[in-house]
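# Observations on chain architecture
Here's the letter readout for the chains.
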Amino acid sequence: MKNPAFVLPDATKGIGSIIKAVNQGGISHELQEIVGLRASQINGCSACVHAHHQNLRKAGESDERVASVAAWREGPFFTDSERAALELAERATRVADRSEEAVPDELWERLRAHFTEEQLSALILLIGITNMFNRLNAVVREPAGASWNRA
């Protein structure tokens, strides 16, 4: 089956509006891709992992940074703001695994130290839409490297 996001015209428009808002939210394209890659790794979405990896390489990100996204806590390749965004991505993606608040106060404080409310809004929307695409791709078995515009 085709990806439902591209079958229903109103869905395509709505998703496009969210992506436009994220892009206007003041976070860099590289951070968007790093956060999207991490959420997609957690969800096991090969199509999205492949796409984010390609986009990061095209943007000039180093092999070390791209390869270390899954182990961002241990690697020296990420800034404090990127680390906060990656932790947010993990916590928002793993909501079902939580035994405490989805986002504890301590993380909110670190996020507020690095991002404006607009930037945080863009990050949260980005994580949500990435998780949505991960789930759609899993359901329709979207393979890595496939064109997302098969409609």
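In this report, the structure presented in the accompanying data block is examined. Since the structure is predicted, the reported quantities are computational estimates derived from the model, not experimental observations.

## Examining the environment of Glu142
Mapping Glu142 onto the fold places it in the segment after α8 (117–140). For the pair Glu142 and Gly75, spaced 67 residues apart in the sequence, the C-alpha separation amounts to 31 Å.

## Examining the nonpolar core
By size, the foremost hydrophobic cluster in this structure holds 17 residues, and its most contacted members are Ile27, Leu31, Val35, Leu111, Phe115 and Leu123. For Leu111, the residues in contact, after removing those within four places along its chain, are Ala84, Ala85, Leu88 and Leu120. Residues Ile34, Leu37, Val66 and Leu86 belong to the second largest nonpolar core, which totals eight residues.

## Quick look at helix α4 (residues 46–58)
Between its first and last C-alpha atoms α4 spans 18 Å; for 13 residues at 1.5 Å apiece the expected length is 18 Å, and the two agree. All buried positions along α4 are accounted for by Ala47, Cys48, Ala51, His52 and Leu56. Considered in projection along α4, the buried side chains sweep an arc of 155° and stay on one side of the axis. Looking at the buried positions of α4, the neighbouring elements they touch are α3 (29–43), α5 (63–67) and α8. Positive phi appears at Gly60, one or two residues downstream of α4, with a value of about 90°.

## Side note on the pattern of salt bridges
According to the stated counting rule, one finds 11 salt bridges in the structure shown. Of the charged contacts in the structure, one is a salt bridge between Arg57 and Asp63, with a shortest N-O distance of 3.1 Å. Classification of Arg57 as partly exposed rests on a relative accessible area of 35%. Exposure remark for Asp63: the relative accessible area of 49% places this residue in the partly exposed category. Of the charged contacts in the structure, one is a salt bridge between Glu82 and Arg65, with a shortest N-O distance of 2.7 Å. Here Glu82, found in helix α6 (residues 80–93), pairs with Arg65, found in helix α5; they are 17 residues apart in sequence, far enough to count as distant. Comparing Glu82 with Arg65 shows no difference in burial state: the two are buried. One continuous salt-bridge network, built from bridges that share partners, spans Glu87, Arg91, Glu100, Glu106 and Arg110.

## Details of the side chain of Ser68
Within the secondary structure, Ser68 sits in the loop between α5 and α6. Leave out the neighbours within four places in its chain, and Ser68 touches Phe77 and Phe78.

Reading the values: rules and limits
- Residues numbered from 1 in each chain as written.
- Predicted model: local features only at pLDDT ≥ 70, side-chain atom pairs only at ≥ 80, totals over all residues.
- Heavy atoms only, no water.
- Helix = DSSP H or I, 4+ residues; strand = E, 2+ residues; numbered from the N terminus.
- Core = buried A, V, L, I, M, F, W, Y, C linked by side-chain atoms within 4.5 Å.
- Buried < 20%, exposed > 50% of the residue type's maximum accessible area, 1.4 Å probe, protein only.
- Contact = heavy atoms within 4.5 Å.
- Expected span 1.5 Å × (residues − 1).
- Arc of directions from axis to C-beta.
- Salt bridge = Lys/Arg side-chain N within 4 Å of Asp/Glu carboxyl O.

All quantities given are derived from atomic positions and should not be read as evidence of function.
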